[in-house]
Amino acid sequence: MLITELLKLNNLQLASKLVSDELLLGIQTSRRSGIGTEFEQFRHYAPGDDPKRIDWKLFAKSGHYLVRESATESNQQVRFLIDLSGSMNYAEGKVSRLQYAKILLASLAYLSNRQGDQLSLFSLQNGLVQALVPAGKQAFQKIVATLEGSSATGAWDNRSPSIPEFGRKQAEVLIIASDFLQIDDEWVQLIQSVAAPRREVVLFQLLGDEEVNFSMNGFYRFQDLETGREIELQADAIRETVRERATLYLTKLEESLRIPHVRLIRVRLSDPIALVLKQFLTS
């Protein structure tokens, strides 16, 4: 489904389910392990197994009671972090970066919840990382409700945010949704500080087509969504400069984040979320 169709639902939990169902339908035969992916491998039924896990279609063909199981052990820690700084309010067409991030993270939370992972949610706002939903019972429902009520405002100040230390007994995944726009190296420093051998860091960088292509014509009033400052410019006159600086910035960021246990995924606001997640889980 297109992101605009998901937004019309005005129901984040339903949107996340629809995205996840569309995703799982397309990767049922994949062998890659990952968040929420219930990849099919089978073993014979044993006393104590839940009968609901028996594949009755296979039983009809083979006469054997075969139980579905994941290709990997589950119960890992999955921590989500959403950027709530003002630049997340950037929108193209009818889709804002914040709306896209909410559906993306809710869909990943839905998949992780299906797999039985331990979920928690954090935000970064005004230069501080805050815990919004701790791991525990009904974490998925709480995450969805918290995301629905979240708003973006403010700038990244001069504080040095840190993410609470995670446990080391289980595998951990930290998933961050942001534009990763920075003045100095704020994001790079934060990510470098949390990358570790038992912690995979997945970065979804959400960008608009115009932020990269900048194909506008005529006079525009541009506003800094974090500081509120405005400036009027002739788009044609600055087009090549904006494109060059955008390319340079994105290349430098990508090079800075080529560190172990960190994966950067660039996403356009026009990209279908199910397709983005499919590429993430199967590549």
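Rules of the game
- Sequence order as written defines the numbering, with residues in each chain counted from 1.
- Two thresholds apply to this predicted model, a pLDDT of at least 70 for residue-level local features and 80 or more for giving and counting side-chain atom pairs, whereas whole-chain, interface and lining totals are computed over all residues.
- Side-chain calculation: all heavy atoms of the structure are included, whereas hydrogens and water are not.
- Scored from 0 to 100, pLDDT records how confident the predictor is in each individual residue.
- Between two residues, a contact is recorded if the distance between any of their heavy atoms is within 4.5 Å.
- Every angle, taken between N-to-C directions, lies between 0 and 180 degrees, and every axis is a line fitted to C-alpha atoms, over only the stretch in contact when it is a helix.
- Strands are runs of DSSP state E lasting at least two residues, helices are runs of H or I lasting at least four, and both sets are numbered from the N terminus onward.
- In what follows, roughly perpendicular refers to angles from 65 to 115 degrees, roughly parallel to angles under 35, roughly antiparallel to angles over 145, and oblique to any angle outside these ranges.
- In this count, Pro and Cys sit with the nonpolar residues alongside Ala, Val, Leu, Ile, Met, Phe, Trp and Tyr, while Asp, Glu, Lys and Arg are called charged and the others, Gly among them, polar.
- The definitions used throughout rest on a 1 Å grid laid over the protein atoms alone, on which a cavity is an enclosed set of points accommodating a 1.4 Å probe that cannot get out and a pocket is an open set flanked by protein within 12 Å on both sides along at least five of seven lines; lining residues are those having an atom within 4 Å of a point.
- Grid points are joined across faces, edges and corners, and a volume is the space filled by probe spheres set on the points.
- Strand pairing is defined by DSSP finding a minimum of two bridges between the two strands.
- Helix crossings get a hand from a simple test, with the near helix turned counterclockwise from the far one by less than a right angle marking a left-handed crossing and a clockwise turn marking a right-handed one.
- As used in this record, nonpolar core signifies buried Ala, Val, Leu, Ile, Met, Phe, Trp, Tyr and Cys residues forming a set joined through side-chain atoms within 4.5 Å.
- To sort residues, take the accessible area from a 1.4 Å probe on protein chains only and compare it with the maximum for the residue type: under 20% means buried, over 50% means exposed, and anything in between is partly exposed.

1. Examining the confidence of the model for the protein
Thinking step 1. This prediction gives the protein a mean pLDDT of 85; 85% of its residues lie at or above 70.
Thinking step 2. A low-confidence stretch, residues 28-34 stays under pLDDT 50, and its non-local contacts, those more than four residues away or across chains, total 17 contacts.
Thinking step 3. Here residues 36-40 is a poorly scored stretch, pLDDT under 50, and it has 25 contacts once near neighbours within four places are set aside; other chains count.

2. Some remarks on the packing of helix H4 (residues 97-115) against helix H5 (residues 139-148)
Thinking step 1. Running from amino to carboxyl end, H4 crosses H5 at an angle of 175°, the nearest separation of the two axes being 10 Å. When the axis of H4 is compared with that of H5, the two are roughly antiparallel. Counting all contacts with H4, which are made through Lys102, Leu105, Ala106, Ala109, Tyr110 and Asn113, the residues of H5 involved are Phe140, Ile143, Leu147 and Glu148.
Thinking step 2. Of the residues in the contact of H4 with H5, the class split is seven nonpolar, one polar and two charged.

3. Notes on the layout of surface pockets
Thinking step 1. The volume enclosed by the largest pocket comes to roughly 1500 Å³.
Thinking step 2. Forming the boundary of the largest pocket are 38 residues, of which Leu181, Glu211, Phe222, Gln223 and Asp224 lie nearest the centre.
Thinking step 3. Listing elements by their share of the lining of the largest pocket, those giving two or more residues are helix H6 (186-194), helix H7 (209-213), strand S10 (219-223), strand S11 (230-234) and helix H8 (235-256).
Thinking step 4. No other element matches the seven residues that H8 contributes to the lining of the largest pocket.
Thinking step 5. Grouping the constituent residues of the lining of the largest pocket by class yields 20 nonpolar, six polar and twelve charged.

4. Comments concerning the sheet that holds strand S7 (residues 128-133)
Thinking step 1. Reading across from one edge, S7-S6-S3-S8-S9-S12 is the order of the six strands in this open sheet, with mixed pairing throughout. Two strands in the sheet have a free side with no partner beyond their single neighbour: S7 and strand S12 (262-268). Adjacent strand axes in the sheet meet at a mean angle of 20° when their direction is disregarded.
Thinking step 2. As judged from the seven bridges shared by strand S8 (residues 172-178) and strand S9 (residues 199-207), these two strands associate in the parallel manner. Bridge pairing in S9 links Ile175 to Val202.

5. Some points on the packing of H4 against helix H9 (residues 273-282)
Thinking step 1. For the pair H4 and H9, the least separation of the axes is 11 Å and the interaxial angle reads 50°. Considered as vectors, H4 and H9 are oriented oblique to each other. The handedness of the crossing between H4 and H9 comes out as right-handed. In contact with Tyr100, Ile103, Leu104, Ser107, Leu108 and Leu111 of H4, H9 contributes Ile273, Val276, Leu277, Phe280 and Leu281.
Thinking step 2. Tallied by class, the residues present in the contact of H4 with H9 amount to ten nonpolar, one polar and no charged.

6. Observations concerning the nonpolar core
Thinking step 1. The biggest cluster of nonpolar side chains holds 49 residues, and the ones touching the most others in it are Phe80, Tyr100, Ile175, Phe204, Leu206 and Leu277.
Thinking step 2. In terms of residue count, the dominant contributor to this core is H4 (eleven residues).
Thinking step 3. Filtering out sequence-adjacent residues up to four positions away, Tyr100 remains in contact with Ile3, Val95, Leu206, Val267, Arg268, Leu269, Asp271, Pro272, Ile273 and Val276.
Thinking step 4. Ranked by size, the runner-up nonpolar core spans 19 residues in total, among them Phe122, Leu174, Ile191 and Leu253.

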